[in-house]
Amino acid sequence: MNDEPLAAVSFQGVTRRYGSVTAVRDIDLDIAPGEFFALLGPSGSGKTTLLMLLAGFDQPSDGQVLMSGTPISDFPPHRRRIGVVFQNYALFPHMTAAENVAYPLKMRGVPRDERDNRVNAALGIVSLSDRGASYPSQLSGGQQQRVALARALVFGPDVLLMDEPLGALDRRLRDQMQIELKRIQHELGVTVIYVTHDQSEAMAMADRVGVMSGGELLQVADPETIYAEPANHFVARFIGECSILRVASFDGGKGYEISGARQLLPTPSTAPFDIVVRPENVALRSIESSNPSGQFGIPVTIREITYVGSGWRVSTELDDGQSLLANIPRGHDLAGNLADGLNVIATWDPTSVAILPAEETTEANQQGEKK
Ligand code: ADP
Ligand code: MG
């Protein structure tokens, strides 16, 4: 016997083609019971298709979907114990909040008394106990989304699917709902698959993130790993700001050389590779500052300066035209004399660098060469 608990959801070699379009391609993915899993990717990357295949509104062209070890292709949507919340809340306008929440129970033939109890409990979970008699038009966008959530949870699903559920809300309300959603998930222990194109939302909420592009799952990992060790150029660029730099490796990948300076890597990598440097890990110093220990540093020229409240974000240019982003905190030595054209020294710690298999041309070095 295997000690691992059965995955709440398994995609096994799942492909969905629509004519000549392959919406998702050969997806293998296990999601653990109680996990908060975010599917992250740009529009058209196949996120909704994957949810529809799981919810039973669509069928795979190849492969199969399992819940708790059981293939579910023969189960219609209402027998899959899955609740779904969409971006456009899809509430029935002519029904009150309570009637909307009661609807899935009615469909399942739950008797009146039990229905009322469950509806009250579900409205309580989303902090809307006093709004059951309101019609959707009398509720704010955030409240309507809570009703939709209560409706998805009311029949006690094992898995909750959310497709860009906070996309229509303003920033402040979205932040509030993110915290609320985490609380609810914690309370109910329900498995959540959360679709979003917003990387900060995925990073803030999920236990693990799956990054999708062009119907493929490019990387599945916890948020820290996705950020610090992106699997490829696409993931690196999609998750937060970064600079991807072409470097020349030396000694078979023990380190790299860039703009005439050499840095040893903590662990050797297979050449050829590119490096990813996050702006918060770049330190800039004035060209006159002393460098007694012969520390790694490369000359760069400041090109663009953006005030970001906590300090400045600057875009700099290397001698070979590549561009490098850096953060300058408030109170930094350079803060007073930042200017386009200023020559400074950039440095970073080798442990803060992520290594990517080299690509022919990256967007980063294209941008660099344009300047
Ligand atoms: P996402 O949710 O990540 O924006 P989708 O899963 O909606 O992406 O779409 C993935 C790809 O599949 C897109 O190219 C889309 O145009 C295509 N697609 C999705 N549904 C259909 C459909 N019913 N018929 C034809 N093409 C579809
Ligand atoms: Mg979608």
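All values reported here derive from a predicted model rather than from experimental measurement.

S.K.: Help me understand the sheet that holds strand β9 (residues 208-213), please; the structure alone is not making it clear to me.
M.R.: By definition, the strands of a sheet pair up through backbone hydrogen bonds, in either a parallel or an antiparallel sense. Here 6 strands make up an open sheet; going across it, the order is β6-β7-β8-β3-β9-β10 and the pairing mixed. Of all the strands in the sheet, just β6 (82-86) and β10 (216-221) have a single pairing partner and so form its edges. Pairs of neighbouring strands in the sheet enclose a mean axial angle of 15°, with direction left out of account. With 4 bridges joining them, strand β3 (residues 36-40) and β9 adopt parallel strand pairing.

S.K.: What is the right way to read the sheet that holds strand β1 (residues 9-18) from this model?
M.R.: Taken together, the 4 strands give an open sheet; going across it, the order is β2-β1-β4-β5, and neighbouring strands pair in antiparallel fashion. Each end of this open sheet is capped by a strand with a single partner; those strands are β2 (21-31) and β5 (70-71). Pairing between β1 and β2: 7 bridges, direction antiparallel. Each bridged residue has a counterpart across the sheet, and for Phe-11 the counterpart in β2 is Leu-29. Packing against the sheet, helix α1 (residues 47-55) makes contact with β1, β2 and β4 (62-67), and its axis sits at approximately 115° to β1.

S.K.: Would you take a moment to explain the domain arrangement of the protein chain for this structure?
M.R.: Often, the extent of an interface is quoted as the loss of accessible area upon association of its parts. Looking at the protein chain, the domain boundaries give domain 1 (9-237) and domain 2 (242-366). Averaged C-alpha coordinates put domain 1 and domain 2 at centres separated by 39 Å. Residue-level contacts link 9 residues of domain 1 with 15 residues of domain 2. Taken over both partners, the interface formed by domain 1 and domain 2 buries close to 940 Å², and the fraction arising from carbon and sulfur atoms is 53%. The largest contributions to the domain 1 side of the interface with domain 2 come from Tyr-227, His-233 and Arg-237, which together make up 67% of the buried area.

S.K.: Just to check I follow, could you spell out the pairing of strand β15 (residues 273-277) for this structure?
M.R.: For a regular strand, the rule is simple: side chains alternate between the two faces of the sheet. By the criterion of burial, β15 is predominantly enclosed, with 5 of the 5 residues buried. Both faces of β15 are covered, namely the face carrying Phe-273, Ile-275 and Val-277 and the face carrying Asp-274 and Val-276. When strand β11 (residues 243-246) meets β15, the two strands line up antiparallel, connected through 4 bridges. Counterpart to Ser-243 in the pairing with β15 is Val-277. Pairing analysis gives 4 bridges linking β15 to strand β21 (residues 354-357), with the strands arranged antiparallel. Looking at the pairing, Ile-275 lines up with Ile-355 of β21.

Reading guide: rules and limits
Residues numbered from 1 in each chain as written. Chains lettered and ligands numbered in written order. Predicted model: local features only at pLDDT ≥ 70, side-chain atom pairs only at ≥ 80, totals over all residues. Heavy atoms only, no water. Pairing = 2+ DSSP bridges. Helix = DSSP H or I, 4+ residues; strand = E, 2+ residues; numbered from the N terminus. Axes fitted to C-alpha atoms, helices over the stretch in contact; angles between N-to-C directions. Contact = heavy atoms within 4.5 Å. Domains from an automatic or database assignment. Buried area = accessible area lost by both parts, 1.4 Å probe. Buried < 20%, exposed > 50% of the residue type's maximum accessible area, 1.4 Å probe, protein only.

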